[in-house]
Amino acid sequence: MTANLLDFDLGGLAVFCERLGEKRFRATQLFRWIHQKGAQDFDQMSDLAKSLREKLKTCAQVQPLRPISRHDSADGTIKWLFDVGDGNAVETVFIPEDDRGTLCISSQAGCAVGCRFCSTGHQGFSRNLTTGEILSQLWFAEHTLRQQFNTTERVISNVVMMGMGEPLQNYSALVPALRSMLDDHGYGLSRRRVTVSTSGVVPMMDRLGDDCPVALAVSLHAPTDALRDNLVPLNRKYSLHELMDACRRYLAHAPRDFITFEYCMLDGVNDQPEHAQALIDLVKPKRGQDEGVPCKFNLIPFNPFPASGLTRSSAATVKAFAAQLSDAGIITTVRKTRGDDIDAACGQLAGDVKDRTQVDARMAKQRVIPLTQVSS
């Protein structure tokens, strides 16, 4: 059976090389060729012994996901659609800023959590991605953009696991991918610049803190159990009390001294002054308690879709809500909507490509670079 070397972190690749009768340092050389240089052809790997290169040709490959299309937004955002088989696809979004380049990566085809405000959740769940399929999104984007920008310098400085899926429900594939992102022989990203978003899978939050602590973003979206049960069904399994306790435990391991709470602003649902006050009460220290939950809030303008039955809060409502949190001493930002003209904004990811007519119609309205023109 041929192994996809993108499925291995450096430790796993070392074990693979030892099984071939090779010393562990060969794994480091191989890992650098794959991730730092973007090599797929073993003959390119000139500092590997020829005998090893010949062995690799018989039992291994570097097999990234196949891109279906590329969509370029007017604001510079780029979205790739990748084929993951059986009529499913996942989306990866690059968001350029003056001081960073952020890549939003998917961890599942579809999502089983079913949050009311997320179009991906409404499509249902198909399957978990493999480690190689998760990491392939970074591998492809990084080396494609280096070619496009004619640079050997790193283009992607930040990774957010905020694409399709609940990352912590695909834990065994997620952690090796994170380790490869962080490894100095791979992408060398800072733990502070790799963020895992979760809707609140409490046991896996604890495991992540022990196994591979990176920055954490929690999809909160409601200040009470009654409301969150309706918006984020996972809350029926792990209550807000359990979630806040898990956040406090995670901070003991985290590279940042705060948790980011994502909060999608829904008109008349969770955006009123009483909701803001309930959030303040939830995270600020209470009388007789040692601490609350050190945090910042990221308020997200809702991207409407018909099946949700929800609408976006007005700009004035969002501004007043943010001011109320800020006045209580909570760092609060409002997410700038990026890539909404190519359906790449938060909550717009959609990965079912079984209906090709619908996909082709969407693509016809956008600036699309077809597969034949996408760098690989």
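Our subject is the structure listed above.
Residues numbered from 1 in each chain as written. Predicted model: local features only at pLDDT ≥ 70, side-chain atom pairs only at ≥ 80, totals over all residues. Heavy atoms only, no water.

Caption draft 1: Looking closely at the side chain of Asn-298. Position of Asn-298 relative to the elements: it lies in strand β13 (residues 295–301). Taking relative accessible area as the criterion, Asn-298 reaches 11% and is therefore assigned buried. Among the polar contacts made by the side chain of Asn-298, one reaches the side chain of Glu-262 at a distance of 3.2 Å. Look past the residues within four positions of Asn-298 in its chain and what remains in contact with it is Thr-260, Phe-261, Glu-262, Tyr-263, Thr-333, Val-334 and Arg-335. (Helix = DSSP H or I, 4+ residues; strand = E, 2+ residues; numbered from the N terminus. Buried < 20%, exposed > 50% of the residue type's maximum accessible area, 1.4 Å probe, protein only. Polar contact = N/O pair within 3.5 Å; in protein donor to acceptor, adjacent residues only side chain to side chain. Contact = heavy atoms within 4.5 Å.)

Caption draft 2: Highlighting the pairing of strand β5 (residues 88–96). Most of β5 sits out of view: seven of its nine residues are buried. Relative to β5, strand β4 (residues 78–85) runs antiparallel, the two sharing seven bridges. Bridge assignment links Phe-82 to a residue of β5, and that residue is Val-90. Here β4 hands over to β5 after two residues, with Asp-86 in that stretch at a positive phi of 55°. What sits between β5 and strand β6 (residues 101–104) in their antiparallel hairpin is a turn of four residues. (Pairing = 2+ DSSP bridges.)

Caption draft 3: Region of interest: the packing of aromatic side chains. All chains considered together, the criterion is met by seven aromatic pairs. An angle of 85° between the planes, with centres 5.3 Å apart, marks the rings of Phe-82 and Phe-140 as edge-to-face. Separated by 58 residues along the polypeptide, Phe-82 in strand β4 and Phe-140 in helix α5 (residues 131–149) bring together distant segments of the chain. Here Phe-82 and Phe-140 have matching classes, each one buried. Against the face of Trp-33 rests Lys-37, its NZ or CZ located 3.9 Å from the ring centre. (Phe/Tyr/Trp six-rings, centres within 6.5 Å; stacked < 30°, edge-to-face > 60°. Lys NZ or Arg CZ within 6 Å of the ring centre and 35° of its normal.)

Caption draft 4: Quick peek at the pattern of salt bridges. If you walk through the whole model with that rule in mind, you get 14 salt bridges. The residue Arg-66 makes a salt bridge to Asp-83 at a minimum N-O spacing of 3.0 Å. With Arg-66 in strand β3 (residues 66–72) and Asp-83 in strand β4, this pair connects stretches of sequence that are 17 residues apart. For Arg-66, a relative accessible area of 43% gives the class partly exposed. Among the salt bridges present, the one from Arg-146 reaches Glu-142, with a minimum N-O distance of 2.7 Å. Here Glu-142 and Arg-146 lie together in helix α5, a separation of four residues that amounts to about one turn. Grouping residues by exposure puts Arg-146 and Glu-142 together as buried. Through salt bridges with shared partners, a single ionic network connects Asp-43, Glu-54 and Lys-57. (Salt bridge = Lys/Arg side-chain N within 4 Å of Asp/Glu carboxyl O.)

Caption draft 5: Quick peek at the packing of helix α10 (residues 273–283) against helix α11 (residues 315–327). With their axes 10 Å apart at the nearest point, α10 and α11 run at an angle of 30° to one another. Taken as axis vectors, α10 and α11 run roughly parallel relative to one another. You can see that α10 and α11 cross each other, and the crossing is right-handed. Across the interface between the two elements, Pro-273, His-275, Ala-276, Gln-277, Leu-279 and Ile-280 of α10 pack against Phe-321, Gln-324 and Leu-325 of α11. Of the residues that constitute the contact of α10 with α11, the class distribution is six nonpolar, three polar and no charged. (Axes fitted to C-alpha atoms, helices over the stretch in contact; angles between N-to-C directions. Parallel < 35°, antiparallel > 145°, perpendicular 65-115°, else oblique. Left-handed = near helix turned anticlockwise from the far one by under 90°. Nonpolar A, V, L, I, M, F, W, Y, C, P; charged D, E, K, R; others polar.)

Caption draft 6: Structural context of α11. Relative to the 18 Å expected for 13 residues at 1.5 Å per residue, α11 spans 18 Å between its end C-alpha atoms, a close match to the ideal helical length. Looking at the buried side of α11, the elements it contacts are β12 (259–265), α10, β13 and β14 (331–334). (Expected span 1.5 Å × (residues − 1).)

Caption draft 7: Representation of the state of the cysteines within the structure. For the coordinates displayed, the defined rule picks out zero disulfides. No disulfide involves Cys-111; its sulfur sits 6.4 Å from the nearest other cysteine sulfur, which is in Cys-118. (Disulfide = S-S within 2.5 Å.)

Caption draft 8: How the structure looks around unusual backbone geometry. Of note in the backbone geometry, Asn-150 takes a positive phi value of approximately 55° without being a glycine. Mapped onto the secondary structure, Asn-150 falls in the loop between α5 and β9 (158–161). Even without glycine at this site, His-221 takes up a positive phi of about 70°. Looking at the secondary structure, you find His-221 in the loop between β11 (215–219) and α8 (225–231).

Caption draft 9: Summary view of the environment of Thr-195. Secondary-structure assignment places Thr-195 in strand β10 (residues 194–198). In this structure the C-alpha to C-alpha distance between Thr-195 and Ala-217, which are 22 residues apart in sequence, comes to 6.7 Å. Not counting the four nearest positions on each side in its chain, Thr-195 is found in contact with Val-159, Val-160, Met-161, Met-162, Ala-215, Leu-216 and Ala-217.

Caption draft 10: Region of interest: the environment of Arg-335. Within the fold, Arg-335 resides in the loop between β14 and α12 (356–364). In this structure the C-alpha to C-alpha distance between Arg-335 and Cys-264, which are 71 residues apart in sequence, comes to 9.7 Å.

Caption draft 11: Inspection of helix α9 (residues 240–251) at higher detail. For α9, built from twelve residues, the straight-helix expectation of 16 Å at 1.5 Å per residue is met to within 8% by its first-to-last C-alpha distance of 17 Å. Along α9, the residues that are buried comprise Leu-240, Leu-243, Met-244, Ala-246, Cys-247, Tyr-250 and Leu-251. Taken around the axis of α9, the buried residues stretch over an arc of 160°, which confines them to a single face. (Arc of directions from axis to C-beta.)

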